[in-house]
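Architecture and fold: a report
Now for the letters of each chain:
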Amino acid sequence: MDRRSFNRRMLLGGAAAATTLSLTPEAVGTGRRARTAPGGGKVKHIKLYAEHLGHGQMGYGFKKGGATIPGPLIEINEGDTLHIEFENTMDVAASLHVHGLDYEITSDGTRGSGSDVKPGGRRTYIWRTHTPGRRKDGSWREGSAGYWHYHDHVVGTEHGTGGIRKGLYGPVIVRRKGDILPDKTHTIVFNNMTINNYKGHNAPDFWAMVGERVEFVMITHGDHFHTFHMHGHRWAENRTGLLAGPDDPSRIIDNKVVGPGDAFGFQVIAGEEVGAGAWMYHCHVQKHADRGMAGLFLVKKPDGTVPHHNAHAHSRNYQSDGSDESHSHGHHSHGHHSHRHHSHRHHSHGHDEYGEFDGVYDLDD
Amino acid sequence: MDRRSFNRRMLLGGAAAATTLSLTPEAVGTGRRARTAPGGGKVKHIKLYAEHLGHGQMGYGFKKGGATIPGPLIEINEGDTLHIEFENTMDVAASLHVHGLDYEITSDGTRGSGSDVKPGGRRTYIWRTHTPGRRKDGSWREGSAGYWHYHDHVVGTEHGTGGIRKGLYGPVIVRRKGDILPDKTHTIVFNNMTINNYKGHNAPDFWAMVGERVEFVMITHGDHFHTFHMHGHRWAENRTGLLAGPDDPSRIIDNKVVGPGDAFGFQVIAGEEVGAGAWMYHCHVQKHADRGMAGLFLVKKPDGTVPHHNAHAHSRNYQSDGSDESHSHGHHSHGHHSHRHHSHRHHSHGHDEYGEFDGVYDLDD
Amino acid sequence: MDRRSFNRRMLLGGAAAATTLSLTPEAVGTGRRARTAPGGGKVKHIKLYAEHLGHGQMGYGFKKGGATIPGPLIEINEGDTLHIEFENTMDVAASLHVHGLDYEITSDGTRGSGSDVKPGGRRTYIWRTHTPGRRKDGSWREGSAGYWHYHDHVVGTEHGTGGIRKGLYGPVIVRRKGDILPDKTHTIVFNNMTINNYKGHNAPDFWAMVGERVEFVMITHGDHFHTFHMHGHRWAENRTGLLAGPDDPSRIIDNKVVGPGDAFGFQVIAGEEVGAGAWMYHCHVQKHADRGMAGLFLVKKPDGTVPHHNAHAHSRNYQSDGSDESHSHGHHSHGHHSHRHHSHRHHSHGHDEYGEFDGVYDLDD
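Quick notes on the rules
- Residues numbered from 1 in each chain as written.
- Chains lettered and ligands numbered in written order.
- Predicted model: local features only at pLDDT ≥ 70, side-chain atom pairs only at ≥ 80, totals over all residues.
- Heavy atoms only, no water.
- Helix = DSSP H or I, 4+ residues; strand = E, 2+ residues; numbered from the N terminus.
- Buried < 20%, exposed > 50% of the residue type's maximum accessible area, 1.4 Å probe, protein only.
- Contact = heavy atoms within 4.5 Å.
- Areas by Shrake-Rupley, 256 points an atom, 1.4 Å probe, with all protein chains shown as cover.
- Salt bridge = Lys/Arg side-chain N within 4 Å of Asp/Glu carboxyl O.
- Polar contact = N/O pair within 3.5 Å; in protein donor to acceptor, adjacent residues only side chain to side chain.
- Nonpolar A, V, L, I, M, F, W, Y, C, P; charged D, E, K, R; others polar.
- Phe/Tyr/Trp six-rings, centres within 6.5 Å; stacked < 30°, edge-to-face > 60°.
- Lys NZ or Arg CZ within 6 Å of the ring centre and 35° of its normal.
- pLDDT = per-residue confidence, 0-100.
- Pairing = 2+ DSSP bridges.
- Buried area = accessible area lost by both parts, 1.4 Å probe.
- Least-squares fit on C-alpha atoms with pLDDT ≥ 70 in both.
- Core = buried A, V, L, I, M, F, W, Y, C linked by side-chain atoms within 4.5 Å.
- Disulfide = S-S within 2.5 Å.

Overview of the overall build of chain A
Counting its regular elements, chain A contains three helices and 22 strands. Counting all 365 residues of chain A, 69% fall into the buried class. Partitioning the intrachain contacts of chain A with sequence separation of at least 6 by distance along the chain shows that 72% fall at a separation of at least 24. A total of about 11400 Å² of accessible surface is found on chain A, and carbon and sulfur atoms cover 50% of it.

What about the interface of chain B and chain C?
Contacts between the two partners involve 46 residues from chain B and, on the opposite side, 49 residues from chain C. Our enumeration of links across chain B and chain C arrives at five salt bridges. The salt bridge partner of E142 of chain C is R234 of chain B, with a shortest N-O separation of 3.6 Å. For the interface between chain B and chain C, the tally reads 27 residue pairs in polar contact (both at pLDDT 80 or more). At the level of secondary structure, the elements contributing two or more residues to the side of chain B that touches chain C comprise β16 (226-230), β18 (252-253), β19 (255-258), β21 (277-283) and α2 (286-290) of chain B. In terms of residue count, β21 of chain B provides more of the side of chain B that touches chain C than any other element does, five residues in total. Considered class by class, the residues forming the side of chain B that touches chain C number 19 nonpolar, 15 polar and twelve charged.

Notes on the packing of aromatic side chains
In this structure the tally under the stated criterion is 54 aromatic pairs over all chains. Consider the rings of F264 of chain C and F266 of chain C, whose centres lie 6.0 Å apart with planes at 20°: the pair is stacked. An identical accessibility class is assigned to F264 of chain C and F266 of chain C; each is buried. Each residue in the set F190, F206, F216, F228, W235, F264, F266, Y281 and F297 of chain A is aromatic and connected to the rest through ring pairs, giving one cluster. The side chain of K256 of chain A reaches across the aromatic face of F264 of chain A, ending 5.4 Å from its centre.

Points about the confidence of the model for chain A
All names here are of chain A. Scored by pLDDT, chain A has a mean of 82; 76% of the residues are at 70 or more. Across residues 312-365, where pLDDT falls below 50, the model places 146 contacts with residues more than four positions away in sequence or in other chains. For this predicted complex, the interface confidence score (ipTM) comes to 0.83, while the overall pTM stands at 0.85.

Topic: the sheet that holds strand β13 (residues 194-195) of chain B
Residues and elements named next belong to chain B. Taking strand neighbours across the sheet as the criterion, the four strands line up as β13-β12-β15-β20 in an open arrangement whose pairing is mixed. Lying at the two open borders of the sheet, with one neighbouring strand each, are β13 and β20 (263-269). Judged from the eight bridges that link them, strand β12 (residues 184-191) and strand β15 (residues 213-221) form a sheet pairing that is parallel. What sits directly across from I188, in β15, is M218.

So, the pattern of salt bridges
For side chains bearing opposite charge, pairing can occur when the charged atoms are close. Residues and elements named next belong to chain C. For the structure on display, the rule yields 54 salt bridges over all chains. Note that E104 and R128 form a salt bridge whose closest N and O atoms lie 3.6 Å from each other. One end of the pair, E104, is in the loop between β6 (97-98) and β7 (122-128); the other, R128, is in strand β7, and 24 residues separate them in sequence. Residue class for E104 comes out partly exposed when judged on its relative accessible area of 41%.

Observations concerning the pairing of strand β16 (residues 226-230) of chain C
One face of the sheet, then the other: side chains in a regular strand alternate in exactly this way. All names here are of chain C. For β16, the tally of buried residues reaches five of five residues, placing the bulk of the element in the interior. Alternating residues of β16 divide into H226, F228 and M230 and T227 and H229, and every residue in both groups is buried. Direction of pairing for β16 relative to strand β19 (residues 255-258): antiparallel, over a ladder of four bridges. Bridge pairing in β19 links H226 to V258. With three bridges joining them, β16 and strand β21 (residues 277-283) adopt antiparallel strand pairing. The residue of β21 that forms the bridge with H229 is H282.

Examining the interface of chain B and chain A
Contacts between chain B and chain A engage 49 residues on the former and 46 residues on the latter. With both sides pooled, the region where chain B packs onto chain A buries about 3900 Å², and carbon together with sulfur makes up 54% of that total. Across the contact surface, chain B and chain A share five salt bridges. Along the contact surface separating chain B from chain A lie 27 residue pairs in polar contact (both at pLDDT 80 or more).

Description of the pairing of strand β4 (residues 74-77) of chain C
All names here are of chain C. Neither face of β4 is open: one carries I74 and I76, the other E75 and N77, and all of them are buried. Of the pairings in the sheet, the one linking β4 to strand β11 (residues 169-175) comprises four bridges and is parallel in character. From the neighbouring strand, I74 faces β11, where its bridge partner is V172.

Observations regarding the relation of the copies chain B and chain C
Think of it as a corkscrew move, a rotation about one axis and a shift along it, taking one chain copy to the other. After a rotation of 120° and a shift along the axis of 0.0 Å, chain B superposes on chain C with an RMSD of 0.0 Å. Each copy turns onto its partner about a three-fold axis. When the interface residues of chain B are mapped onto chain C, a mere 11% of them are again interface residues, pointing to distinct binding faces.

Some remarks on the environment of A67 of chain A
Residue and element names in this part refer to chain A. For A67, the location among the structural elements is in the loop between β3 (57-61) and β4 (73-77). The exposure class assigned to A67 is buried, which follows from its relative accessible area of 0%. Measuring from C-alpha to C-alpha, the distance between A67 and G167 comes to 9.9 Å, with 100 residues separating the pair along the chain.

Comments concerning the environment of T194 of chain C
Residue and element names in this part refer to chain C. Structurally, the position occupied by T194 is in strand β13 (residues 194-195). It is 29 Å that separates the C-alpha atoms of T194 and E272, two residues lying 78 residues apart in sequence. A distance of 2.8 Å separates a polar side-chain atom of T194 from the backbone oxygen of N191.

As for the nonpolar core
With 180 residues, the main nonpolar core has W127 and F297 of chain A, W127 and F297 of chain B together with W127 and F297 of chain C as its most contacted residues. Sequence-distant contacts of F297 of chain B, defined by excluding residues within four places in its chain, comprise F206, A208, V214, F216, M230, H233, V268, A270, G277, A278, W279 and Y281 of chain B.

Focus: the sheet that holds strand β13 (residues 194-195) of chain A
All names here are of chain A. Taken in spatial order, the four strands make up an open sheet running β13-β12-β15-β20, and their pairing is mixed. Since the sheet does not close on itself, it has two edges, and those belong to β13 and β20 (263-269), each with one partner. Pairing of strand β15 (residues 213-221) with β20, which is carried by seven bridges, proceeds in the antiparallel orientation. Counted as the bridge partner of M218 is F264 from β20.

Looking at the side chain of T227 of chain A
Along the chain, T227 of chain A turns up in strand β16 (residues 226-230). Among all residues touching T227 of chain A, those that are not within four sequence positions of it are F190, N255, K256, V257, H282, C283, H284 and V285 of chain A together with F225, G259 and P260 of chain B.

A few points about the relation of the copies chain B and chain A
Mapping chain B onto chain A leaves a residual RMSD of 0.0 Å; the transformation is a rotation of 120° accompanied by 0.0 Å of translation along its axis. The two copies present different faces, since only 10% of the interface residues in chain B are matched by interface residues at the equivalent positions in chain A.

Some thoughts on the state of the cysteines
If you walk through the whole model with that rule in mind, you get zero disulfides over all chains. You can see C283 of chain A has no disulfide; the closest cysteine sulfur is in C283 of chain C, sitting 18 Å from it. Judged by its relative accessible area of 0%, C283 of chain A is buried.

A closer look at the side chain of E215 of chain A
Residue and element names in this part refer to chain A. Position of E215 among the secondary structure elements: in strand β15. In this structure the side chain of E215 is engaged in a polar contact, spanning 2.7 Å, whose partner is the side chain of R175. A polar contact of 3.5 Å, which involves the side chain of E215, links it to the side chain of Q267. Among all residues touching E215, those that are not within four sequence positions of it are Y147, I173, R175, P182, K184, T185, H186, F266 and Q267.

Considering the environment of V172 of chain B
Residues and elements named next belong to chain B. Positionally, V172 belongs in strand β11 (residues 169-175). Under the relative-accessibility criterion, V172 is labelled buried at 0%. Between the C-alpha atoms of V172 and A263, which are 91 residues apart in sequence, the distance is 9.4 Å. Dropping the residues within four chain positions of it, V172 is found in contact with L73, I74, V98, L101, W127, G146, Y147, W148, H149 and Y150.

Here we look at unusual backbone geometry
Most peptide bonds take the trans configuration, and most residues that are not glycine carry a negative phi. Following I69 of chain A, the chain continues into P70 of chain A via a peptide bond in cis, with omega recorded as -5°. Tracing the sequence through the fold places P70 of chain A in the loop between β3 and β4. Within the chain, N192 of chain C stands out as a residue other than glycine whose phi angle is a positive 50°. Inspection of the secondary structure assignment puts N192 of chain C in the loop between β12 (184-191) and β13. Although it is not a glycine, N196 of chain C adopts a positive phi angle of roughly 50°. If you trace the backbone, N196 of chain C turns up in the loop between β13 and β14 (206-209).

Here is the structure:
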């Protein structure tokens, strides 16, 4: 398996489970009540490492030597507090900056606040979250729930331009008590002209069984604007990506303008109303799509096949012999995509696996 | 009348009426209850042709020889199923891909799914829609209602970049039972640096009588991002563009960031609170507006005049002698704009009507 | 004090007070009920001047010789009518165009409608607003409340490209009865690659005391798209930027794609859940941030200090001796930022105060 694309999903179910991987029960689809998030309020501790990945790439990981791009999903519940023991194993200063959560200026991850970490150094970042409620002045205070993200803020420039380009970013989900939980979660990052730092025609594919509740966290980084489009599936333009009920006036969309620093998320029932298939997801900016900012959401029939999809005829190569099995387990599902034997168009055969992995691709016009 | 700008609006009122044009009753404005959409559930059949339009342009049409840019409005109700007998009259492969609706992978319109159509070939695409409701797992399933769009996905590149640039795109509206119906609907497409493939200072104008309920479907295509702005009128940033009621928290806007693949829609009461006038609509990116991405929403007084608007002094020419009459009929109203006798600034006199019509305009900086 | 950055906030509390400055009571934070907006319905009269500011800049002001960039905040309540006696003191034609409000075509501020103003000329623009309510046809009509803005529409080009670039823009807030009022309001305008026409690393800083209710109006102009991000604070993507209550499904964000012609606003409780600190706000497009599209939201502890913030070590210079005092008064607070003694990086020492103020900066790639 591709080390970099193997992103461990950590469901932080409690303080005791903080550094273990969750084994999400496979509550696939029909008949069963959707599982929902519990309330928060726990104090949790995790470790996070910033590492060189070779070929100019950098990543975050929960374990030493286990960094990935995107970094691992951090998933907590409103009310939780997270202590992150961050270790910078690299030879340049790095940091951890998060969007959306509560933290004191000492956990800002910026050089100006003195919360960056020297080469080889450590720092504990503390992230807090809160439930919604009424303030003393009578106004309504929003909660922390949302699809957020973390990234470096110091490598290269004081805005972390170099760190982000090289792969120092990852998703954060804060759930509200009662929020519907997915069967699996995938992260898609449009980082400059790459997807998850894969440039050219090498974007990751994502697998699901018809009926599975699949969650996507979509993050954008770099200098460019994009539109995120998915075939055959759509979502609500609100906090959860799911309509709250019949009175929720939110727009249903399948195409969204996104820009650097953005994050949003949504859940779909794989193949709902449309069936199994190789459903494209891509940037809808024509020039970007044509340059390869496109991948597949491969929705399988119960017998494991994807109709009208011939892996060998397709421009992407993947293991058709069950490689997808690894996707049917919660701890493997995040950010995973199929192994590629060959690279295409802009790549010659024989590249090692890092050859198709490049965060320094620049749009040259 | 300009053949290309004459987009027949087809209100698909029932299976029997599937290929006929509707004659929308002109329920103009005040006093009368707004008309609302009926429930769906019907199976309808239409034909759609992809055609060369000369001068490098391509269009979709309901009848052979009747293709337009944008393609004709397809308007259905939640629960309807639409069988589209598609014929590609051109000498290159083409297809039909739709956003937002339900369709099996065999109706995806992509080459990868084998649902493109060879030169001279035919294919039946089936689009389905569904009403909102509760899933068995207790979660709320959104309905198909929305402002959507269709476009080619194979001409030029596997993302249809060439087909879209040349004009192979059109609007789709799916209405929910009870949705307010407009008196007329216009489609505005920002396609690269053109509006409805008119480049330079030749964007279409749209006409209405004060008090008419006018609907706009706004679609974006190509490589560029824009902001859509309209003077004197505004809309809600939700599913319908209309507030659902006093508790709808949606933002009211008159300027919206749009990018390739986007579609949204809204209704205004022409001249409400502001009166008759030549109200500009334009891209608010200054450079784009200055290059001509601007047109007029011409709102007439009951006597048919537009105050403070001199057609002859204005940089656009149109028939001031009643050409707008054609807009007061439902089947003519969609996408119609005035005939131009002269082109301006970037065009010399004497061009034939296709001379000012160009989808291959590229922003050269 | 920098004349240009001293933007008088005018709370138009009544016809009589129309041209006076409000002295907002400092209802800081905890315990007290939030103040709310009264109903509107008044007719108010103000004067507005368009002026040269030297160094190629232009601004709007309530008093002759008092123009600023951005122009002064105009704040009214739904139902109010505003008569603006506009005087163009400059040697080129100029105008006043507003977003979101009701006005007849004669107050459009466009050349086509004949509502521009010659050098030395005057014109009365009339803006109206309306409350939400039900139309005779049964549909719900939105109200005028919102974060809007005004700008020139004729300097340079027929879209006011030159006027906007030089500084002819400003904020408008229309409040609904019951809307929560802030303690202070700041305006941030991303105008091409500048913030409030300050280019390079000279963006304005904004001050607040922990617990203050601070409102930001964020406007975008020019040719570029940006993402507005603020550290440690967030807002709702709806009309007010504040959740209406527990059932409001709006997304909570801290990063928003913005484009030319956009305006939105929100309120934060300074330092809520995160405490005092030098919180960055910046464009999250990495290249733009690196070029200096970043400033600070300086949230002070009750003792007046900002933890982990050393003014002298920081790349920006400001008066640490109480210059911020001017920010603690409602009539000074709008758009104000600290005086800079030195300019940086792209500027040499010795520039006069206008030297670091430049709206003609163009992104050259």
